[in-house]
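Spelled out from the first residue to the last, the chains are:
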Amino acid sequence: MKKTKSEIKKYLMKLAKDRNEKELIEEEVKDFLILDIENQMIKKKNDWKNKNKNQIMDYFLYLIEGLEKKESLTEFQLELLNVKIGIDLLKKEIKEKELKEMKIKIERALKSKIIAIDLEFFERAQYIILEVGISIYKNDFFSTKHFILKTKKKYKNGKCVPDNRGNFLFGKSEEKHICYVKNFLEKELKEAKYILGHSIENDLNLIKKRDLKDKIILDTQDLYKFAFDSPSSNKISLENLMKKCDLEAEYLHNAGNDIHYTMLAFKKMSKMLKEN
């Protein structure tokens, strides 16, 4: 005869007590606990739709703190396992939702114009920009420009990162003032909705805030997480990303080469997600 939830819980509590509260037969608990947490999720689903990941995790941490105050260790063990299963289910649900959103974003971006940008900084002063690489994607084709900033030629890398300023592989480097590069970028951004980069936060500093309005930012770090099912906390260098994508890369730390490779990796991972 099938037992009710309350009967199962009583049985499990007794089982735990008989085993000196040290063992629980996981297979016998699993179905009950998963059913229980799924019911809770259905009840709270509408509330959770409006919460971000941090709020959801804070909620479960709050539950755990409350459970630690319970006198019955056995009850705490059972409910803690319940919470753990709930967290795992939530993580899965959140990841599936984020994956779906990422696929939609990429699909739309590939039908539009994308501006990709990379900056190369002076290794001993990260606020001094030496080079700017810009790739422009449209209609499944892209080209790359490499700008060497005239007024910063006296600054040379080579101790911490290689100096590949003169090794642009995808065209001819152009020596320009920063104002020219900013104006060029501003003009191209007027027709583009998407901005792409690899760990793009610092690269966005070259763009005026008003020009970022209504733009959608794409970062190959985020795409890597979904394409290779990697934890969101894991960061990957551009060099290692190219290896993961089975793509060749030479003369990295040239801004033009780096952004060209970023665009290649973006296209490769987009294809992987579409086929998955």
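Note that the structure is predicted; figures quoted are calculated from it, not measured.

J.: Please explain the overall build of the protein as it appears in this structure.
T.: Scanning the protein for helices and strands turns up nine helices and six strands. The buried share of the protein, taken over its 276 residues, is 39%. Counting only contacts in the protein whose residues sit at least 6 apart along the sequence, the fraction spanning at least 24 positions is 61%. With the model as given, the accessible surface of the protein reaches about 17400 Å², and the carbon-plus-sulfur share is 50%.

J.: Could you clarify how one ought to interpret the side chain of Asp118 in this entry?
T.: Tracing the sequence through the fold places Asp118 in strand S1 (residues 114-122). Other than its neighbours up to four places away in sequence, Asp118 contacts Glu131, Val132, Gly133, Asp203, Ala255, Asp258 and Ile259.

J.: Got a minute to help me understand the side chain of Asp258 in this structure?
T.: Within the element layout of this structure, Asp258 appears in helix H9 (residues 255-275). This buried residue, Asp258, is left without a salt bridge; Arg165 holds the nearest opposite charge, at 13 Å. Once residues within four sequence positions are removed from consideration, Asp258 is found in contact with Asp118, Glu120, Leu238, Leu252 and His253.

J.: What's the story with the pairing of S1 in this structure? I'm lost.
T.: Two faces belong to every sheet, and in a regular strand the side chains alternate between them. Burial runs high along S1: nine of the nine residues are buried. With nine bridges connecting them, S1 and strand S2 (residues 125-138) associate as antiparallel partners. Counted as the bridge partner of Phe122 is Ala125 from S2. Count of turn residues in the S1/S2 antiparallel hairpin: two residues. Across three bridges, the pairing between S1 and strand S5 (residues 194-197) is parallel.

J.: Hey, could you run me through the packing of aromatic side chains in this one?
T.: In this description, an aromatic ring pair is defined by two values, namely the gap between the centres and the angle between the planes. Counted by the stated rule, this structure contains six aromatic pairs. Here Phe122 and Tyr155 contribute two aromatic rings whose centre-to-centre distance is 5.1 Å and whose plane-to-plane angle is 50°, an arrangement assigned as tilted. Here Phe122 is found in strand S1, whereas its partner Tyr155 is found in the loop between strand S3 (141-149) and strand S4 (174-176), with 33 residues between them in sequence. Residue Phe122 is classed as buried on the basis of its relative accessible area of 7%. According to the relative accessible area criterion, Tyr155 is partly exposed, its value standing at 22%. With a centroid separation of 6.1 Å and 65° between ring planes, the pair formed by Phe147 and Tyr180 is classed as edge-to-face. Here Phe147 is found in strand S3, whereas its partner Tyr180 is found in helix H5 (residues 178-189), with 33 residues between them in sequence. Judged by its relative accessible area of 1%, Phe147 falls in the buried class. With relative accessibility at 38%, the residue Tyr180 sits in the partly exposed group. Here a set of aromatic residues connected by ring pairs shows up, and it is made of Phe147, Tyr180 and Phe184.

Rules of the game
Residues numbered from 1 in each chain as written. Predicted model: local features only at pLDDT ≥ 70, side-chain atom pairs only at ≥ 80, totals over all residues. Heavy atoms only, no water. Helix = DSSP H or I, 4+ residues; strand = E, 2+ residues; numbered from the N terminus. Buried < 20%, exposed > 50% of the residue type's maximum accessible area, 1.4 Å probe, protein only. Contact = heavy atoms within 4.5 Å. Areas by Shrake-Rupley, 256 points an atom, 1.4 Å probe, with all protein chains shown as cover. Lys, Arg positive; Asp, Glu negative; His and termini not counted. Salt bridge = Lys/Arg side-chain N within 4 Å of Asp/Glu carboxyl O. Pairing = 2+ DSSP bridges. Phe/Tyr/Trp six-rings, centres within 6.5 Å; stacked < 30°, edge-to-face > 60°.

By themselves, these figures tell us nothing about what the structure is for.
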